[in-house]
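For reference, the chains in residue letters:
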Amino acid sequence: MRLILTFVFLTCAAVSIIPADNSALQFRIQKLNGKEYVSLYEICRDGEFDQGIDPVLGRGKIYKKTYVAVYQIDLSVILAGKELIKSDYPVRRGSDGEVFIPADSARQILEIMLEKNFSRHGNYFNEDKEPKTVIKKPVDDDDVHYEEIDFIVIDAGHGGKDPGAVGKGGRREKDITLAVCKRIRDILKRELKGVNISLTRSKDIFLELGERTEIANKLLRKSKNGLFISIHVNASISPKSSGFETYYLSRDPTTDDARVTATLENNVVILETKKKHHYDDIEFIEALMLAAQIQKESHILAEFIQKNMTSAMKQSHSRGVKRADFFVLRGSLMPAVLVEIGYITNKKELNLLITPNYQAVVSKAVAGGITSFVAGYNKLVK
Ligand SMILES: [Zn+2]
């Protein structure tokens, strides 16, 4: 499996002396089902870490200065700083919701994030009196190697048994998105020679949300770098709502409206018959390492597309670039955005969206944003 990022650890170049600290830290080791753990609550309390957890996904982060550690309940791999820490048994959640980190992993996290050494004394990890003299420098952006974009996946929202939003006259989101996506594909094929352009679906078929990004991620394994663009039509209980907007993935949606739109698009999950999205350890960790960089790039891509739409789609109006938690973007290992090209529940916009003329305007605008992004990006990485 291919990774876009290569990490370079500068062990010898970065030798620094950490001054001795008067208050020696101590962390308690407890037994849970016969295995040794350290309570995350106690790590955060005594080590003065900040933390956050997504209780639904069972994923959490702890923070200290510039360091972040990411864990997932029931997984035995943790990312701390830029290091992967593996244990023989997984992170667990107690009956009261308290999180427990495998003891050996806890010690490594503490050493990395506190820049101190810890030794075991009975049922405690005690901070060493000797200051830690050699530390690994956290990897910065200069050590990340980017690759040029050589494929783009265009995803027509909904399809098959899932019509998406339905407007007056039985007009369906899935038909509009497919028509627009085919046009975007045709434009990109003309404009971006040497870049592989594909659709997640070219017919009226049902695809699960996980399958959509999986198509893109599979391409990533045999290509250099790619983009994932999902096209949708918005809906609202208010017939007055109108305009277009571009989203990139975030766990922290910008507005309540963004949350509603995300809920709407994510509803399709209940139509899915296959098992819940399953990420194995490797995929999860790869996703973690790439997540921060991908989010940055996705945001830039969203800005390019939205800006182009704003200057080209004069019959509608911009609702801006937004962050939201879309399932379809969640599994992506490359920059990914979701574009809502207008409201199917708005009479004026629906009438525009179903005409080939306006579909051509929208496609040109979206494709223009993509080509500008790719041109700039590929120039930068060469
Ligand atoms: Zn949709």
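The notes below deal with the structure included here. This is a predicted model, so every value here is computed, not measured. (Residues numbered from 1 in each chain as written. Predicted model: local features only at pLDDT ≥ 70, side-chain atom pairs only at ≥ 80, totals over all residues.)

1. Regarding the overall build of the protein chain
Keep this limit in mind: Going along the chain from the N terminus, every DSSP run of H or I of four or more residues is numbered as a helix, and every run of E of two or more is numbered as a strand. Put simply, a residue is buried when 20 or more other C-beta atoms lie within 10 Å of its own C-beta and exposed when 12 or fewer do; between those, it is partly exposed, and each C-beta is set from the backbone. Here, residues touch in the contact sense if the C-beta positions derived from the backbone fall within 7 Å of one another.
Looking only at helices and strands, one finds nine helices and 18 strands in the protein chain. Buried residues in the protein chain amount to 39% of all 382 residues. In the protein chain, the share of contacts with a sequence separation of at least 24, taken over all contacts with a separation of at least 6, comes to 72%.

2. Describing the packing of helix H3 (residues 173-191) against helix H9 (residues 356-381)
Put simply, the rule is: Axis definition: a line fitted to C-alpha atoms, over the contacting stretch in the case of helices. Angles run 0 to 180 degrees between N-to-C directions. Here is the rule for angles: anything less than 35 degrees is roughly parallel, anything more than 145 is roughly antiparallel, 65 through 115 is roughly perpendicular, and the remaining ranges are oblique. By definition, any crossing whose near helix is turned counterclockwise from its far helix by less than a right angle is left-handed, and any crossing with a clockwise turn is right-handed. All amino acids are sorted into three groups, where Ala, Val, Leu, Ile, Met, Phe, Trp, Tyr, Cys and Pro are nonpolar, Asp, Glu, Lys and Arg are charged, and the leftover types, Gly among them, are polar.
One can describe the packing of H3 onto H9 by two numbers: an axis separation of 9 Å at closest approach and a directional angle of 45 degrees. As far as their axial angle goes, H9 and H3 are oblique. Two packed elements cross with a definite hand, and for H3 against H9 that hand is right-handed. Touching Ala-179, Val-180, Arg-183, Ile-184, Ile-187, Leu-188 and Glu-191 of H3 are Gln-359, Ala-360, Val-362, Ser-363, Lys-364, Val-366, Ala-367, Ile-370 and Thr-371, all from H9. Of the residues that constitute the contact of H3 with H9, the class distribution is ten nonpolar, three polar and three charged.

3. Considering the nonpolar core
In plain terms, the rule: Put simply, a nonpolar core is a cluster of buried Ala, Val, Leu, Ile, Met, Phe, Trp, Tyr and Cys residues tied together by C-beta atoms within 7 Å.
Counting 60 residues, the largest nonpolar core has Ile-152, Ile-229, Ile-305, Val-337, Val-366 and Ile-370 as the members making the most contacts within it. It is H9 that contributes the most residues to this core, eight residues altogether. When neighbours within four sequence positions are excluded, Ile-152 is seen to be in contact with Leu-188, Val-195, Ile-197, Gly-226, Leu-227, Ile-229 and Ile-370.

4. Things to note about the pairing of strand E7 (residues 77-80)
What counts, and what does not: Paired strands, in this sense, are two strands between which DSSP finds at least two bridges.
The sheet contact formed by strand E6 (residues 67-72) and E7 spans two bridges and is antiparallel. In the sheet register, Ala-69 faces E7, and the bridge partner there is Ala-80. Between E6 and the antiparallel strand that follows it, E7, lie four residues; Asp-74 among them carries a positive phi value of about 75 degrees. Relative to strand E8 (residues 83-86), E7 is paired through four bridges, and the arrangement is antiparallel. Bridging from a neighbouring strand, Val-77 pairs with Lys-86 of E8.

5. What about the pairing of strand E11 (residues 118-121)?
Where E11 meets strand E12 (residues 124-127), four bridges bridge the pair, whose relative direction is antiparallel. The residue of E12 that forms the bridge with Phe-118 is Glu-127. Hairpin geometry of E11 and E12 is characterised by an intervening segment of two residues between the two adjacent antiparallel strands and by a positive phi of about 60 degrees at Gly-122.

6. Description of the sheet that holds strand E4 (residues 50-54)
With respect to topology, five strands assemble into an open sheet ordered E4-E5-E6-E7-E8, the strand pairing being antiparallel. Each of the sheet's edge strands pairs with one partner strand only, and the pair in question is E4 and E8. The sheet shows a mean angle of 20 degrees between the axes of neighbouring strands, direction not considered. Along the sheet, helix H2 (residues 103-114) makes contact with strand E5 (59-64), E6, E7 and E8, crossing E7 at roughly 10 degrees.

7. Section: unusual backbone geometry
Unlike most non-glycine residues, Asn-33 shows phi in positive territory, near 50 degrees. The topology assignment puts Asn-33 in the loop between strand E2 (30-32) and strand E3 (35-39). Under the C-beta neighbour-count criterion, Asn-33 is labelled exposed, with 8 such atoms within 10 Å. Although it is not a glycine, Glu-115 adopts a positive phi angle of roughly 55 degrees. Summarising the element assignment, Glu-115 is placed in the loop between H2 and E11. Given 16 C-beta atoms within a 10 Å radius, Glu-115 is considered partly exposed.

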